[in-house]
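Structure at a glance
Chain residues, written in single-letter form:
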Amino acid sequence: QQQVKQSPQSLIVQKGGISIINCAYENTAFDYFPWYQQFPGKGPALLIAIRPDVSEKKEGRFTISFNKSAKQFSLHIMDSQPGDSATYFCAAGMNSGGSNYKLTFGKGTLLTVNP
Amino acid sequence: TAGITQAPTSQILAAGRSMTLRCTQDMRHNAMYWYRQDLGLGLRLIHYSNTAGTTGKGEVPDGYSVSRANTDDFPLTLASAVPSQTSVYFCASSDSFHPTTDTQYFGPGTRLTVL
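This write-up is about the structure you can find in this document. (Residues numbered from 1 in each chain as written. Chains lettered and ligands numbered in written order. Predicted model: local features only at pLDDT ≥ 70, side-chain atom pairs only at ≥ 80, totals over all residues. Heavy atoms only, no water.)

Residues and elements named next belong to chain A. Taken together, the side chains of Ile18, Ile20 and Met78 present a nonpolar region at the surface, about 240 Å² in accessible area. In this fold, Met78 is placed in the loop between strand S8 (72-77) and strand S9 (86-97). The exposure class of Met78 is partly exposed, given its relative accessible area of 35%. (Patch = residues over 30% accessible without salt bridge, like charges linked within 9 Å, V, L, I, M, F, W, Y side chains within 5 Å. Areas by Shrake-Rupley, 256 points an atom, 1.4 Å probe, with all protein chains shown as cover. Salt bridge = Lys/Arg side-chain N within 4 Å of Asp/Glu carboxyl O. Helix = DSSP H or I, 4+ residues; strand = E, 2+ residues; numbered from the N terminus. Buried < 20%, exposed > 50% of the residue type's maximum accessible area, 1.4 Å probe, protein only.)

Put into C-alpha coordinates, the structure is as follows:
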(Lines give C-alpha, C1' and ligand atoms only; values in the text may rest on other atoms or scores of the structure.)
Protein backbone atom coordinates (compact mmCIF):
# COMPACT_ATOMS: atom_id res chain seq x y z
CA GLN A 1 0.00 0.00 0.00
CA GLN A 2 1.54 3.23 -1.16
CA GLN A 3 0.93 5.80 1.54
CA VAL A 4 2.39 8.77 -0.33
CA LYS A 5 1.60 9.15 -4.02
CA GLN A 6 3.74 11.57 -6.02
CA SER A 7 3.17 12.91 -9.51
CA PRO A 8 4.32 13.42 -12.15
CA GLN A 9 7.14 10.88 -12.51
CA SER A 10 9.03 13.33 -14.69
CA LEU A 11 8.65 16.96 -15.63
CA ILE A 12 10.26 19.17 -18.25
CA VAL A 13 10.05 22.93 -17.78
CA GLN A 14 11.56 25.84 -19.65
CA LYS A 15 13.86 28.23 -17.83
CA GLY A 16 11.82 30.84 -16.03
CA GLY A 17 8.74 28.68 -15.86
CA ILE A 18 6.92 27.27 -12.85
CA SER A 19 7.51 23.67 -11.82
CA ILE A 20 4.72 21.99 -9.88
CA ILE A 21 5.00 18.59 -8.21
CA ASN A 22 2.09 17.06 -6.36
CA CYS A 23 1.78 14.57 -3.54
CA ALA A 24 -1.19 12.95 -1.86
CA TYR A 25 -1.30 10.98 1.35
CA GLU A 26 -3.83 8.68 2.94
CA ASN A 27 -3.02 8.50 6.63
CA THR A 28 -4.28 11.49 8.61
CA ALA A 29 -1.75 10.69 11.34
CA PHE A 30 1.01 12.22 9.21
CA ASP A 31 2.08 15.51 10.78
CA TYR A 32 5.21 16.55 8.91
CA PHE A 33 5.68 16.99 5.18
CA PRO A 34 9.21 17.62 3.89
CA TRP A 35 10.48 17.87 0.34
CA TYR A 36 13.93 16.56 -0.52
CA GLN A 37 16.09 17.45 -3.51
CA GLN A 38 18.56 14.98 -4.94
CA PHE A 39 21.22 15.66 -7.55
CA PRO A 40 22.75 12.77 -9.55
CA GLY A 41 25.28 10.83 -7.51
CA LYS A 42 24.39 12.62 -4.29
CA GLY A 43 22.25 11.87 -1.30
CA PRO A 44 18.89 13.62 -0.83
CA ALA A 45 18.94 16.95 0.99
CA LEU A 46 16.06 18.67 2.75
CA LEU A 47 14.69 21.50 0.63
CA ILE A 48 11.65 22.75 2.52
CA ALA A 49 9.12 21.31 4.97
CA ILE A 50 5.68 22.12 6.31
CA ARG A 51 3.45 21.13 9.20
CA PRO A 52 -0.32 20.73 8.78
CA ASP A 53 -1.17 23.79 10.89
CA VAL A 54 -0.27 26.09 7.99
CA SER A 55 -1.46 26.09 4.38
CA GLU A 56 1.62 27.51 2.73
CA LYS A 57 5.31 27.94 3.34
CA LYS A 58 7.67 29.88 1.12
CA GLU A 59 11.45 29.89 1.05
CA GLY A 60 12.89 31.87 -1.81
CA ARG A 61 11.65 30.43 -5.09
CA PHE A 62 10.28 27.30 -3.39
CA THR A 63 6.76 27.13 -1.97
CA ILE A 64 4.85 24.28 -0.37
CA SER A 65 1.08 24.46 -0.60
CA PHE A 66 -0.80 22.22 1.82
CA ASN A 67 -4.46 21.20 1.66
CA LYS A 68 -5.32 19.28 4.79
CA SER A 69 -8.90 18.46 3.84
CA ALA A 70 -7.84 17.03 0.50
CA LYS A 71 -4.77 15.35 2.02
CA GLN A 72 -2.59 16.86 -0.68
CA PHE A 73 0.52 18.99 -0.77
CA SER A 74 2.56 20.37 -3.60
CA LEU A 75 5.92 21.94 -4.34
CA HIS A 76 6.04 25.00 -6.56
CA ILE A 77 9.35 26.18 -7.98
CA MET A 78 9.04 29.69 -9.35
CA ASP A 79 11.38 31.03 -12.04
CA SER A 80 12.79 27.54 -12.56
CA GLN A 81 16.49 27.42 -13.42
CA PRO A 82 18.64 24.73 -15.09
CA GLY A 83 20.38 24.31 -11.73
CA ASP A 84 17.06 23.14 -10.27
CA SER A 85 17.24 20.03 -12.47
CA ALA A 86 17.19 17.17 -9.97
CA THR A 87 14.95 14.50 -8.53
CA TYR A 88 12.47 15.74 -5.96
CA PHE A 89 10.94 13.55 -3.28
CA CYS A 90 8.01 14.40 -1.09
CA ALA A 91 7.69 12.65 2.24
CA ALA A 92 5.28 12.37 5.13
CA GLY A 93 6.20 11.69 8.73
CA MET A 94 4.34 10.40 11.74
CA ASN A 95 4.91 8.84 15.12
CA SER A 96 4.47 5.11 14.69
CA GLY A 97 4.47 4.28 18.38
CA GLY A 98 6.63 5.14 21.37
CA SER A 99 9.62 7.08 20.17
CA ASN A 100 9.41 5.66 16.68
CA TYR A 101 8.97 8.41 14.10
CA LYS A 102 9.24 7.50 10.45
CA LEU A 103 9.27 9.23 7.09
CA THR A 104 7.45 7.67 4.15
CA PHE A 105 8.74 8.89 0.79
CA GLY A 106 7.02 9.35 -2.54
CA LYS A 107 8.57 7.70 -5.57
CA GLY A 108 10.21 10.86 -6.84
CA THR A 109 9.90 13.33 -9.73
CA LEU A 110 12.74 13.90 -12.16
CA LEU A 111 12.71 17.60 -13.03
CA THR A 112 14.54 18.87 -16.08
CA VAL A 113 14.74 22.61 -16.65
CA ASN A 114 15.75 23.45 -20.19
CA PRO A 115 17.83 26.61 -20.77
CA THR B 1 32.68 18.84 9.37
CA ALA B 2 32.31 15.74 7.20
CA GLY B 3 28.69 15.04 8.15
CA ILE B 4 27.92 11.49 7.10
CA THR B 5 30.41 9.25 5.37
CA GLN B 6 29.60 5.94 3.75
CA ALA B 7 31.91 3.21 2.53
CA PRO B 8 32.43 1.77 0.07
CA THR B 9 31.25 4.14 -2.65
CA SER B 10 30.34 1.20 -4.83
CA GLN B 11 30.70 -2.56 -4.75
CA ILE B 12 30.04 -5.56 -6.94
CA LEU B 13 29.22 -8.62 -4.86
CA ALA B 14 28.65 -12.24 -5.77
CA ALA B 15 25.32 -13.67 -4.70
CA GLY B 16 25.57 -15.58 -1.45
CA ARG B 17 28.44 -13.50 -0.12
CA SER B 18 28.15 -11.30 2.93
CA MET B 19 28.96 -7.64 3.10
CA THR B 20 28.86 -4.76 5.56
CA LEU B 21 28.10 -1.24 4.44
CA ARG B 22 29.65 1.30 6.73
CA CYS B 23 28.15 4.57 7.91
CA THR B 24 29.72 7.10 10.23
CA GLN B 25 28.39 10.49 11.31
CA ASP B 26 30.29 13.18 13.16
CA MET B 27 27.32 15.32 14.17
CA ARG B 28 26.57 13.39 17.39
CA HIS B 29 23.05 12.75 16.15
CA ASN B 30 20.89 10.40 18.18
CA ALA B 31 18.93 8.81 15.36
CA MET B 32 20.30 7.00 12.32
CA TYR B 33 18.62 5.31 9.39
CA TRP B 34 19.32 3.07 6.42
CA TYR B 35 17.34 3.48 3.20
CA ARG B 36 17.53 1.78 -0.16
CA GLN B 37 16.73 3.68 -3.32
CA ASP B 38 15.46 1.89 -6.38
CA LEU B 39 14.38 3.47 -9.63
CA GLY B 40 10.67 4.14 -9.57
CA LEU B 41 10.32 3.12 -5.93
CA GLY B 42 11.78 6.10 -4.14
CA LEU B 43 13.45 5.72 -0.75
CA ARG B 44 12.42 2.85 1.49
CA LEU B 45 13.47 2.53 5.11
CA ILE B 46 15.37 -0.67 5.93
CA HIS B 47 16.33 -0.23 9.60
CA TYR B 48 16.64 2.62 12.02
CA SER B 49 18.11 3.39 15.42
CA ASN B 50 16.69 5.87 17.92
CA THR B 51 19.87 5.97 19.95
CA ALA B 52 23.00 3.94 20.58
CA GLY B 53 22.15 0.42 21.69
CA THR B 54 18.69 0.30 20.07
CA THR B 55 17.56 -0.63 16.58
CA GLY B 56 14.25 -1.15 14.82
CA LYS B 57 12.86 -2.54 11.58
CA GLY B 58 11.71 -0.33 8.78
CA GLU B 59 9.61 -1.04 5.72
CA VAL B 60 11.95 -3.55 4.02
CA PRO B 61 14.16 -5.18 6.69
CA ASP B 62 14.37 -8.75 5.36
CA GLY B 63 17.89 -9.85 4.46
CA TYR B 64 19.51 -6.99 6.37
CA SER B 65 20.78 -6.52 9.90
CA VAL B 66 22.15 -3.51 11.75
CA SER B 67 23.91 -2.71 14.99
CA ARG B 68 24.45 0.52 16.90
CA ALA B 69 27.32 0.01 19.32
CA ASN B 70 28.01 3.75 19.61
CA THR B 71 26.54 7.08 18.56
CA ASP B 72 28.65 7.58 15.45
CA ASP B 73 28.51 4.26 13.61
CA PHE B 74 25.59 2.38 12.10
CA PRO B 75 26.74 -0.50 9.87
CA LEU B 76 24.34 -2.41 7.63
CA THR B 77 25.08 -6.08 6.99
CA LEU B 78 23.86 -8.33 4.22
CA ALA B 79 24.43 -11.87 5.50
CA SER B 80 23.88 -13.63 2.17
CA ALA B 81 23.38 -11.22 -0.70
CA VAL B 82 20.78 -11.80 -3.41
CA PRO B 83 20.39 -9.99 -6.75
CA SER B 84 17.23 -8.20 -5.52
CA GLN B 85 19.44 -6.35 -3.06
CA THR B 86 21.08 -4.52 -5.95
CA SER B 87 20.36 -0.91 -5.07
CA VAL B 88 21.78 2.38 -3.88
CA TYR B 89 21.95 2.47 -0.10
CA PHE B 90 21.75 5.71 1.85
CA CYS B 91 22.54 6.23 5.48
CA ALA B 92 20.93 9.20 7.23
CA SER B 93 20.94 10.76 10.67
CA SER B 94 18.93 13.28 12.65
CA ASP B 95 19.41 15.00 15.98
CA SER B 96 16.28 13.55 17.45
CA PHE B 97 13.83 10.99 16.35
CA HIS B 98 11.09 13.59 15.80
CA PRO B 99 11.89 15.18 12.45
CA THR B 100 9.52 18.08 12.84
CA THR B 101 12.35 19.78 14.66
CA ASP B 102 15.32 18.06 13.15
CA THR B 103 16.30 17.38 9.58
CA GLN B 104 17.40 14.01 8.30
CA TYR B 105 20.86 14.39 6.76
CA PHE B 106 21.82 11.87 4.12
CA GLY B 107 25.19 10.40 3.22
CA PRO B 108 26.48 10.16 -0.36
CA GLY B 109 25.28 6.58 -0.81
CA THR B 110 26.75 3.18 -1.64
CA ARG B 111 25.92 1.63 -5.00
CA LEU B 112 25.73 -2.14 -4.56
CA THR B 113 25.42 -4.63 -7.40
CA VAL B 114 24.76 -8.27 -6.55
CA LEU B 115 25.46 -10.70 -9.37
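Next comes the rest of the description.
Moving on to the pattern of salt bridges. Here the structure, examined in full by the defined rule, presents five salt bridges over all chains. A salt bridge links Asp84(A) to Arg61(A); the nearest nitrogen and oxygen atoms lie 2.8 Å apart. Placement of the pair is Asp84(A) in the loop between S8 and S9 and Arg61(A) in the loop between strand S6 (56-59) and strand S7 (62-67), with a sequence separation of 23 residues. Take Asp84(A): its relative accessible area is 5%, and that puts it in the buried class. Classification of Arg61(A) by relative accessible area gives partly exposed; the value is 28%. Among the ionic pairs, Asp72(B) bridges to Arg28(B), the shortest N-O distance being 2.9 Å. Of the two residues, Asp72(B) sits in the loop between strand S7 (64-66) and strand S8 (76-78) while Arg28(B) sits in the loop between strand S3 (19-25) and strand S4 (31-38), which places them 44 residues apart along the sequence. With a relative accessible area of 52%, Arg28(B) lands in the exposed category.

It is worth spelling out the sheet that holds S8(A) at this point. Strand pairing in a sheet takes place through backbone hydrogen bonds and is either antiparallel or parallel in direction. All names here are of chain A. Reading across from one edge, S1-S3-S8-S7-S6 is the order of the five strands in this open sheet, with antiparallel pairing throughout. At either margin of the open sheet sits one strand with a lone partner, and together these are strand S1 (4-7) and S6. Across this sheet, the average inter-strand angle for adjacent strands is 15°, counted without regard to direction. Two strands pair when backbone bridges link them, and S6 and S7 are joined in this way by four bridges, in the antiparallel orientation. Its bridge partner being in S7, Lys57 is matched across the sheet by Ile64. (Pairing = 2+ DSSP bridges. Axes fitted to C-alpha atoms, helices over the stretch in contact; angles between N-to-C directions.)

From the geometry alone we can't say anything about function, so treat these as descriptive.
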